[in-house]
Amino acid sequence: MGENSRNTAAGLKVAAEIDVDEITGHRRMRRSRGADWSRRMVRETRLTVDDLIWPIFIIPGTNILEPIDAMPGVNRMTVDKAVEAAKMAADLGIPALATFPNVEMEKRDETGSHILEPDNLINQTTRAIKKAVPNIGIITDVALDPFTSHGHDGILRDGEIVNDETVRQIAAGAVHQADAGADIISPSDMMDGRIGAIRRALDAAGHQSVSIMSYATKFASACYGPYREAIGTSGLLKGDKRTYYLDPSNAMEAIRDAGLDVEEGADMLMVKPGMVYLDICRALKDTYGLPTFAYQVSGEYSMIKAGHAAGYIDGERIMMEKLLAFKRAGCDGILTYFAPEAAKLIAKGLG
Ligand code: PBG
């Protein structure tokens, strides 16, 4: 007998006589997994409809639903359709909507000045929904990118995104959004000092009760592509957003940056994108204890839809598993284009 086969024989002998109780010390993790009732009884994390915030895209006009090629199942909609969508969402129990406008190209300029128009598309939407569906929260994004001719979130001067002038413009835009009835202002631009500036401007305008959900850690990610198609900035954007968004390599910097937002008065924090930044979700929740949200962004949504359409994955199960993962990572809720779909599954007891 060669040495190899002697070893094999020894291994097989041990394998045949293994006493698993001696290894586990009678601890058996599978006991609680044996039956559905038991799995339900020990379940630590649950996804409920209260966890879902639904981002929607608005276009000018009436009675139009316009499919977004890069986001199968998601439509841009006119204000009247957004009111219907808000009713549907409220009936499903979805607590809040986040609204994003796709305005006419001729309204976009170098400084994104259309954000200062009190009756712009985003503010019209808020007014209409607040009037018709008072029991759903409205979160407005206060960045300049839907309004700039270059698709950046800030004012572009001599090839540079200027910080302080952008912050003043955003704070003014936030006042108009709050005047229109927004419940939560959500700046997604990553300029320095914007949370403090928005808080001061809102308070001076009598909007002490309007909250700020900071896009506290927003990374320079490849996952935003479909969104840019949705709001019509993909063809406009020159260069990238790396001079103001976070480097995907930097967790410590992300935590420090979120800390500044907390000091400046943020009521809630958001991590964006969601799935590949679950470590940041956990860190922010554990460090600051604020209500913490993840934005499962457009690219994350479209990847699941595409994988499902190709027949590679079960899109519905992946959707629920990923949404649950945000909860497990410490999030209090998720901004997700899946909100209505997930809410319907949860209502059927399939959550
Ligand atoms: C920018 C903004 C972005 C998203 C929402 N607001 C990112 C960007 O265009 O750089 C992305 C949302 C998504 O991808 O779903 N203010």
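Residues numbered from 1 in each chain as written. Predicted model: local features only at pLDDT ≥ 70, side-chain atom pairs only at ≥ 80, totals over all residues. Heavy atoms only, no water.

**Student:** So what's going on with the domain arrangement of the protein? Residues and values would help.
**Tutor:** Looking at the assigned domains, one finds that the protein contains domain 1 (1-43) and domain 2 (49-347). Computed from C-alpha coordinates alone, the two centres of domain 1 and domain 2 are separated by 48 Å. (Domains from an automatic or database assignment.)

**Student:** How would you explain the nonpolar core if you had to name every residue and give the values?
**Tutor:** Formed by 102 residues in total, the largest nonpolar core has its most connected members in Leu-52, Phe-57, Leu-97, Ile-129, Ile-198, Met-213 and Leu-323. Looking at this core element by element, the count peaks at seven residues for helix H4 (residues 79-92). (Core = buried A, V, L, I, M, F, W, Y, C linked by side-chain atoms within 4.5 Å. Buried < 20%, exposed > 50% of the residue type's maximum accessible area, 1.4 Å probe, protein only. Helix = DSSP H or I, 4+ residues; strand = E, 2+ residues; numbered from the N terminus.)

**Student:** Lay out the environment of Arg-31 in plain terms, naming residues and giving numbers.
**Tutor:** If you trace the backbone, Arg-31 turns up in the loop between helix H2 (20-24) and helix H3 (36-41). A relative accessible area of 58% means that Arg-31 is categorised as exposed. Residues Arg-31 and Ala-347, 316 residues apart in the sequence, show an inter-C-alpha distance of 29 Å.

**Student:** Tell me what's going on with the site of the ligand, and back it up with residues and numbers.
**Tutor:** Taken together, 18 residues are adjacent to the ligand, and Ser-188, Arg-228, Lys-272, Ser-298 and Tyr-337 come closest. One nitrogen or oxygen atom from the side chain of Asp-141 is found 3.4 Å from a nitrogen atom belonging to the ligand. At a separation of 3.5 Å, a nitrogen atom of the ligand approaches a polar side-chain atom of Lys-218. Considering the ligand on its own, with 400 Å² of exposed area, one finds that the protein chains cover 100% of that surface. Here the ligand occupies the largest cavity. (Near = heavy atom within 4 Å. Polar contact = N/O pair within 3.5 Å; in protein donor to acceptor, adjacent residues only side chain to side chain. Areas by Shrake-Rupley, 256 points an atom, 1.4 Å probe, with all protein chains shown as cover. 1 Å grid on protein atoms, 1.4 Å probe; cavity = no way out; pocket = protein on both sides within 12 Å on 5 of 7 lines; lining within 4 Å. Sits in = over half its atoms within 2 Å of the grid points.)

**Student:** Give me empty space enclosed by the protein: which residues, what numbers.
**Tutor:** Counted by the stated rule, this structure contains three cavities of 30 Å³ or more. Roughly 70 Å³ of internal volume is contained in the largest cavity. Lining the largest cavity are Asp-145, Asp-153, Ser-188, Lys-218, Tyr-224, Tyr-227, Arg-228, Lys-241, Tyr-245 and Lys-272. Each residue belonging to the lining of the largest cavity can be placed in one class, and the counts come to three nonpolar, one polar and six charged. Estimates place the volume of the second largest cavity at around 40 Å³. In terms of lining, the second largest cavity is formed by Thr-99, Phe-100, Pro-101, Ile-122, Asp-141, Ala-143, Asp-145, Pro-146, Phe-147 and Gln-177. Counting residues per element, the lining of the second largest cavity draws most heavily on strand E4 (residues 96-101), at three residues. (Points joined across faces, edges and corners; volume = space filled by probe spheres on them. Nonpolar A, V, L, I, M, F, W, Y, C, P; charged D, E, K, R; others polar.)

**Student:** Describe the pairing of strand E12 (residues 333-336), listing the residues and the values that go with them.
**Tutor:** Each regular strand displays side chains that alternate between the two surfaces of the sheet. By the alternation rule, side chains of E12 split into Gly-333 and Leu-335 and Ile-334 and Thr-336, which are all buried. Here strand E1 (residues 52-58) pairs with E12 via two bridges, running parallel. Along E12, the bridge assignment pairs Leu-52 with Ile-334. Bridge count for strand E11 (residues 292-296) against E12 is four bridges, and the pairing is parallel. When the bridges of E12 are listed, Gln-296 appears paired with Thr-336. (Pairing = 2+ DSSP bridges.)

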